[in-house]
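# Observations on the three-dimensional arrangement
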Amino acid sequence: MKKILVVNNHGSTFPKLLEVLRSLKVNLKIIEPLEKFDDVDGIIISGGFIKRENLMEVLSWYKDLLDLSLPILGICLGHKILGYCYGSKILKLKNVRRG
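Summarised in this report is the structure supplied together with it. From a predicted model like this one, the values you see are computed outputs, not experimental measurements.

The rules behind these values
- Residues numbered from 1 in each chain as written.
- Predicted model: local features only at pLDDT ≥ 70, side-chain atom pairs only at ≥ 80, totals over all residues.
- Heavy atoms only, no water.
- 1 Å grid on protein atoms, 1.4 Å probe; cavity = no way out; pocket = protein on both sides within 12 Å on 5 of 7 lines; lining within 4 Å.
- Points joined across faces, edges and corners; volume = space filled by probe spheres on them.
- Helix = DSSP H or I, 4+ residues; strand = E, 2+ residues; numbered from the N terminus.
- Polar contact = N/O pair within 3.5 Å; in protein donor to acceptor, adjacent residues only side chain to side chain.
- Contact = heavy atoms within 4.5 Å.
- Pairing = 2+ DSSP bridges.
- Axes fitted to C-alpha atoms, helices over the stretch in contact; angles between N-to-C directions.
- Core = buried A, V, L, I, M, F, W, Y, C linked by side-chain atoms within 4.5 Å.
- Buried < 20%, exposed > 50% of the residue type's maximum accessible area, 1.4 Å probe, protein only.
- Expected span 1.5 Å × (residues − 1).

Another aspect to go through is the layout of surface pockets. Estimates place the volume of the second largest pocket at around 180 Å³. As for the second largest pocket, its lining consists of N8, N9, H10, E32, P33, L34, F49, I50, K51, N54 and V58.

As structure tokens, then:
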């Protein structure tokens, strides 16, 4: 069975994400950003937040994930992280938008 790495960025929907993945009988390896891992077949980056004090270190770690040439799915913040790592410009909105 293939193993999927799930990076937990502590978003409010993370428990629901795990519930859905577990209902699909997916073999999961759950880690925090900056943790070491090996032998996975795909990656899911969850929503949430990144603390400012280690922002650049975390973004560098995510850029290294791209070098693995694995399928990656970014959800909310995870999608923004992927965009940033591939060179997109991320803008801060005046008013927060959710949904």
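Once that is clear, we can look at the side chain of N8. As for its placement among the helices and strands, N8 is situated in strand β1 (residues 3–9). At 2.7 Å, the side chain of N8 and the backbone nitrogen of H10 are in polar contact. Setting aside its immediate chain neighbours within four residues, N8 contacts F14, I30, I31, E32, P33 and S46.

Our next topic: the sheet that holds strand β4 (residues 72–74). Taken together, 4 strands build an open sheet; the order of strands is β2-β1-β3-β4 and the sheet is parallel. Two strands lie at the open edges of the sheet, namely β2 (27–31) and β4, each paired on one side alone. Direction aside, neighbouring strands of the sheet carry axes that sit 20° apart on average. Two elements, β1 and β2, share 5 bridges in a ladder whose sense is parallel. Considered in β2, the bridge of K3 is made with N27.

Our next topic: the nonpolar core. Formed by 15 residues in total, the largest nonpolar core has its most connected members in L5, V7, I43, I45, W61, Y62 and I81. With 5 residues, the top contributor of residues to this core is helix α2 (residues 55–66). Once you skip the residues sitting within four places of it in the chain, I81 turns out to touch N9, I45, I50 and Y62. F14, L17, L21 and I44 belong to the second largest nonpolar core, which has 7 residues in total.

Glancing now at the side chain of S46. Among the secondary structure elements, S46 is positioned in strand β3 (residues 42–48). For S46, a relative accessible area of 2% puts it in the buried group. Here the side chain of S46 touches V7 through a polar contact of 3.0 Å, landing on its backbone oxygen. At a separation of 2.8 Å, a polar atom in the side chain of S46 contacts the main-chain amide nitrogen of N9. Leaving out residues up to four positions away in the same chain, S46 has contacts with V7, N8, N9, H10, F14, L17, I75, L77 and G78.

Let us look at α2. Under the 1.5 Å per step criterion, the end-to-end length of α2 is 17 Å for 12 residues, consistent within 8% with the ideal 16 Å. Contacts from the buried residues of α2 go to β1, β2, β3, β4 and α3 (77–85).

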